Amino acid sequence: MADSGRVKQVSPSGSPHSGRKKTQQSPGSRTKYQVNAPGHCFRKVTLTKPTFCHHCSDFIWGLVGFLCEVCNFMSHEKCLKHVRTVCSCVTPTLVRVPVAHCFGPAGQKKRFCCVCRKHLEGSSALRCEVCELHVHSDCAPFSCSDCRLCHQDGTQDYDTHHHHWREGNMASGSRCEVCRRTCGSSDVLSGMRCEWCGITAHASCYVTVRLECGMGRLHNMILQPGCVRICSRNFSKMHLFRISENSQCELDNLDDVDSPTPVAAKDNQSSTPTDTGKQTLKVFDGDDAVKRNQFRLVSIPRITRNEEVVEAALRAFYLPDEPQDYELQVHGQQPALLSDDIINRNGTPDDKSTFKDYTPDSWLLRAKPRDSDVLKIYAGWLKLGYVSITVGHESTVDQIIKEVLTQLGKKDENHENFNLVEVFMSSKQVQRQVLTGLELLLGKLQEIRKVSLRQMNQTRFYIEENRNRVVQVNLLLGGLPAQLSKEEYAELLHRHLEIKNHLVTITHVYSTQGAVALQISCFSEAERIFMLAKDSSIDGKQLTSLVIPQIMTSVLPKGGCPLLVYVNPKSGGLKGREILYNFRKILNPHQVFELTNGGPLGGLHTFREVPRFRVLVCGGDGTVGWVLGVLEAIRHKLVCPEPAIGIIPLGTGNDLARVLRWGAGYSGEDPHSILLSLDEAEEVEMDRWTILLDAQEMTEDGKENGFLEPPKIVHMNNYFGLGIDAELSLDFHHAREEEPGKFNSRFHNKGVYVKVGLQKLSHTRNLHKDIKLQVDKQDVELPNIEGLIFLNIPSWGSGADLWGSDSDSRYGKTRIDDGMLEVVGVTGVVHMGQVQGGLRSGIRIAQGAYIRITVTKPIPVQVDGEPWIQSPGQIIISAAGPKVRMLRKCKSKQKKQPSGSQKEDRSESPAPSEGGH
């Protein structure tokens, strides 16, 4: 691995249209451009279109700019000596702790590739689900594992948490934390931002910011990485963060995709069709690329120096090494076509040192054999310091460890207590391998280079103490039959998953949810159970499997209140997917849970020992009820049994969110601002109600004739309806089940409701003849109505005030915590439409805390928007026990944040200057 601080000699001529154009001049005629940032290969170019400087982000006036041939960094001449941004080819040397990325499809907003610095366009663009890395699909293999460090892996222990800087793709109005000048740009990849606290700075200023990160304004609700521990050796980041793999199928072989897209291929070719002085070569970087037929295209003049061809190939693979150490071989031929002396020291080209017409178009880039190599050995995690060791043919791993310990001042230590670890920092996976003591290290390096030069550039060696690490992997298995004992669950898992009892312990049983938590003391057994459970079913029900992190409550910040986030990506169309992505970036991904992957239990089990936390539910009223139901079922197993719950409304009605002032529906607000509002929100109590549906079969003379079905118990938060209201909900539910793909927007959903309602205009029902009502043990006579609705909150049918605001001495004022239900009737579809239009209110019937309804024939019912046909029988509504704590948004506006604050562009949501949704 070459010295990353070298300054390369570059040509003063070229085209501004592509950073991969190759010079036609000999090395001796090149001009040196000195820069303070390592890795860049600048050349002077003539500008033919509007261009911006990547250092200062200002427009380049004039015709001359300086372009890096490797990463396309463009600079003014005056800025050249101030450049501090390193080239993409040396970013692996800056990684503190290698952490793999979780790539998914990119969003629709304007972004720049963090590798080649060009615009992201089309379906080939990717983004990391955890950090702000945006790349082209063919650039992704050349990015390294520099994602955010979100947990301690195994027994690693980090004393401090540093800023995690990412370049560019921030709001154009972002201001530098150091000099207070604008540092963001929408025209180029420019400026730096910490992905934890959100502060922004110029590339030349951020180095003066203190290393330790304070997590910014949201520090109280962020689950800090030092508080989370997980043993992750055999699990991918997708599994650790419970990221759905449905959209990842086409990305599974991302690290293996080196072949350029049509756009990249065009960049490597001549700028005009009539340019016949160029030729395009296919270059492979090792045996693995040859095996997979994955190559890079390199465009060169038809007559050029061998060294320049090798250098062009190195640039195409983002390798910072010197061309003297490499050679090109014709694909499939041995030995190399070129002589060892690929540079004519006298500057006179000859047949052995130049490419001419009719050369083969497929080449293999190889490292020349070396008698020795200089290896950088890193002393430990989170430390960029290393020692350089010269490795020869006879150098074994044990000898290298002894020499490293000597240089580190630990020569008295027993070398057998230390390991040399090879770490491959590819973009999608960090692979660790402990080397054996007698292994010859030079041969190891040569083998890696033979397989892939890119892999060698992304490989690092660590020396670490050999400690006996206790393996502890926690899994949560769901989808099991409910209401079984711990012994029955153990027997069931042994029969279906063949778990090994001496390695697996059932630590928690959630019988009401049909789930168990396992603690596994073997990596391979944990991986086997995890993968097998995802592909297994019991009694026709698919099992779910989640890797659960351990939250170390002893090191949680004093006074902190981490936020547990649930997102239903099926709610709100594409907005649910974007919110899920945004919160994984802003917060710790370990505190963000996707409800379609195992439901709410995984998050509550993860936070079971946290003494104080809050919950944010992103979804409709049904999603909120789902989370509240699971919380009610397992609250006795939580250290914090009553966490306060906030809402981001993604559903159609969102009545509960309206009452709590969170709005009628999410419409693209800045997620960071929402979290600030959540932090300032007030806690209020809300009643919950239990509905017992004890259906019985009735004979013709009206006498009971046994049970038609067992009693059903449901919980209600918002309202319970019988008759026309529930009938419309049921028809809507059936329409959505037939064509679920069409129900991806609130506007369309409400349109379907209107259509269904119009079809019911001519229907007449005499609901008062089919039911009998008792409120607080008093019989209540019903008027001539078609629908009966029981309200817990003063909002119904997407914000309508069904109870009305008129004062009436017979009834008290409606509240969500008064232990009372409001009973209201509607006369039909027209009446409901008038209520929703604000022209009328419903028919007030009663208020009470205990409701008994007798139904004499099958009737549509709905609870919080979930409809079904209820058979004849008794329905009893009573209080559900403890009130739940909800978060209500404060009426007062937030104080305006100073420019350059930690709020700056923490998410995918656009800045005001970039437009909204």
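All values derive from a computational prediction rather than experimental measurement.

## Observations regarding the overall build of the protein
1) Next: A count of helices and strands for the protein gives 18 helices and 50 strands.
2) Next: For the protein, the residues scored as buried account for 56% of the 917 residues in total.
3) Next: For the protein, long-range pairs separated by at least 24 residues make up 71% of all intrachain contacts whose partners lie at least 6 apart in sequence.
4) Next: With the model as given, the accessible surface of the protein reaches about 39,400 Å², and the carbon-plus-sulfur share is 49%.

## Some details on helix 5 (residues 397-407)
1) Next: Taken together, the buried positions of helix 5 are Val397, Ile400, Ile401, Val404 and Leu405. Looking straight down helix 5, one finds that the buried residues subtend no more than 135 degrees of arc, so they occupy a single side.
2) Next: On its buried face, helix 5 sits against strand 20 (372-378), strand 21 (386-392), strand 22 (418-425), helix 6 (441-451) and strand 24 (459-465).
3) Next: Where helix 5 terminates, the next one or two residues include glycine 409, which has phi positive at roughly 75 degrees.

## Topic: the pattern of salt bridges
1) Next: Considering all chains together, one arrives at 34 salt bridges under this definition.
2) Next: The partner of arginine 888 in a salt bridge is glutamate 682, and the shortest N-O contact between them spans 3.0 Å. You can see arginine 888 sitting in strand 50 (residues 884-888) and its partner glutamate 682 sitting in strand 36 (residues 682-686), a full 206 residues away along the chain.
3) Next: Between arginine 885 and glutamate 683 there is a salt bridge, with its nearest N and O atoms 3.5 Å apart. Of this pair, arginine 885 sits in strand 50 while glutamate 683 is found in strand 36, placing the two residues 202 residues apart along the sequence.
4) Next: Put simply, Arg43, Glu69, Glu311 and Arg315 are held in one network by salt bridges that share partners.

## Section: the pairing of strand 40 (residues 719-723)
1) Next: Burial runs high along strand 40: 5 of the 5 residues are buried.
2) Next: The sheet contact formed by strand 40 and strand 43 (residues 787-791) spans 5 bridges and is antiparallel. Within strand 43, the position partnered with glycine 723 by the bridge is glycine 787.
3) Next: Relative to strand 47 (residues 859-863), strand 40 runs antiparallel, the two being bridged by 3 bridges. Each bridged residue has a counterpart across the sheet, and for phenylalanine 720 the counterpart in strand 47 is valine 863.

## Considerations on the sheet that holds strand 9 (residues 152-153)
1) Next: The mixed open sheet is built from 3 strands, whose spatial order is 9-13-31. Among the strands making up the open sheet, the edge pair consists of strand 9 and strand 31 (550-551).
2) Next: Across 2 bridges, strand 9 lies against strand 13 (residues 228-230) in parallel orientation. Bridging across to strand 13, aspartate 153 finds its partner in isoleucine 230.

## Some words on the packing of helix 10 (residues 575-586) against helix 14 (residues 671-680)
1) Next: Running from N to C, helix 10 and helix 14 cross one another at 70 degrees; their axes reach a closest spacing of 10 Å. For the element pair helix 10 / helix 14, the angle class is roughly perpendicular. In this structure, helix 10 crosses over helix 14, and the sense of that crossing is right-handed. Facing helix 10, whose interface residues are Asn582, Phe583 and Ile586, helix 14 presents Pro671, His672 and Leu675.
2) Next: When its residues are assigned to classes, the contact of helix 10 with helix 14 shows 4 nonpolar, 2 polar and no charged.

## Side note on the packing of aromatic side chains
1) Next: Here the structure, examined in full by the defined rule, presents 14 aromatic pairs.
2) Next: On the basis of an interplanar angle of 50 degrees and a centroid distance of 5.4 Å, the ring pair of tyrosine 378 and tyrosine 386 is categorised as tilted.
3) Next: When the ring centre of tryptophan 196 is taken as reference, the NZ or CZ atom of arginine 148 above it lies at 4.3 Å.
4) Next: Taking NZ or CZ as reference, lysine 712 lies 3.8 Å from the ring centre of tryptophan 868, over its face.

## A word on the sheet that holds strand 17 (residues 326-330)
1) Next: With mixed pairing, the 4 strands of this open sheet are ordered in space as 15-14-19-17. The strands lining the two open edges of the sheet, one partner per strand, are strand 15 (296-301) and strand 17. Neighbour to neighbour, the strand axes of the sheet diverge by 40 degrees on average, direction disregarded.
2) Next: Of the pairings in the sheet, the one linking strand 14 (residues 278-284) to strand 15 comprises 6 bridges and is antiparallel in character. Bridge assignment links valine 283 to a residue of strand 15, and that residue is arginine 296.
3) Next: Against the sheet, helix 4 (residues 306-316) touches strand 14, strand 15, strand 17 and strand 19 (362-367), its axis set at about 150 degrees to strand 15.

## Section: the environment of cysteine 113
1) Next: Looking at the secondary structure, you find cysteine 113 in the loop between strand 6 (103-105) and strand 7 (125-128).
2) Next: Along the sequence, cysteine 113 and valine 135 sit 22 residues apart, while their C-alpha atoms lie 4.3 Å from each other.
3) Next: The residues contacting cysteine 113, other than those within four sequence positions of it, are Lys118, Leu120, His134, Val135, His136, Cys139 and Leu189.

## A few points about the pairing of strand 15
1) Next: Most of strand 15 is tucked away: 6 of the 6 residues are buried.
2) Next: Side chains of strand 15 alternate between two faces, with Arg296, Val298 and Ile300 and Leu297, Ser299 and Pro301 buried alike.

## A closer look at the confidence of the model for the protein
1) Next: For the protein, mean pLDDT is 80; residues scoring 70 or higher make up 79% of the total.
2) Next: In the model of the protein, strand 1 (residues 9-10) stands out as the element of lowest mean pLDDT, 32, in contrast to strand 32 (residues 563-567), which has the highest, 96.
3) Next: For the stretch residues 1-30, pLDDT sits under 50, and the model shows 111 contacts to residues farther than four places along the chain or on other chains.
4) Next: Considering only residues more than four positions removed or in separate chains, one finds that residues 334-352, a stretch of pLDDT under 50, has 36 contacts.

Definitions and limits used
- Residues numbered from 1 in each chain as written.
- Predicted model: local features only at pLDDT ≥ 70, side-chain atom pairs only at ≥ 80, totals over all residues.
- Heavy atoms only, no water.
- Helix = DSSP H or I, 4+ residues; strand = E, 2+ residues; numbered from the N terminus.
- Buried < 20%, exposed > 50% of the residue type's maximum accessible area, 1.4 Å probe, protein only.
- Contact = heavy atoms within 4.5 Å.
- Areas by Shrake-Rupley, 256 points an atom, 1.4 Å probe, with all protein chains shown as cover.
- Arc of directions from axis to C-beta.
- Salt bridge = Lys/Arg side-chain N within 4 Å of Asp/Glu carboxyl O.
- Pairing = 2+ DSSP bridges.
- Axes fitted to C-alpha atoms, helices over the stretch in contact; angles between N-to-C directions.
- Parallel < 35°, antiparallel > 145°, perpendicular 65-115°, else oblique.
- Left-handed = near helix turned anticlockwise from the far one by under 90°.
- Nonpolar A, V, L, I, M, F, W, Y, C, P; charged D, E, K, R; others polar.
- Phe/Tyr/Trp six-rings, centres within 6.5 Å; stacked < 30°, edge-to-face > 60°.
- Lys NZ or Arg CZ within 6 Å of the ring centre and 35° of its normal.
- pLDDT = per-residue confidence, 0-100.

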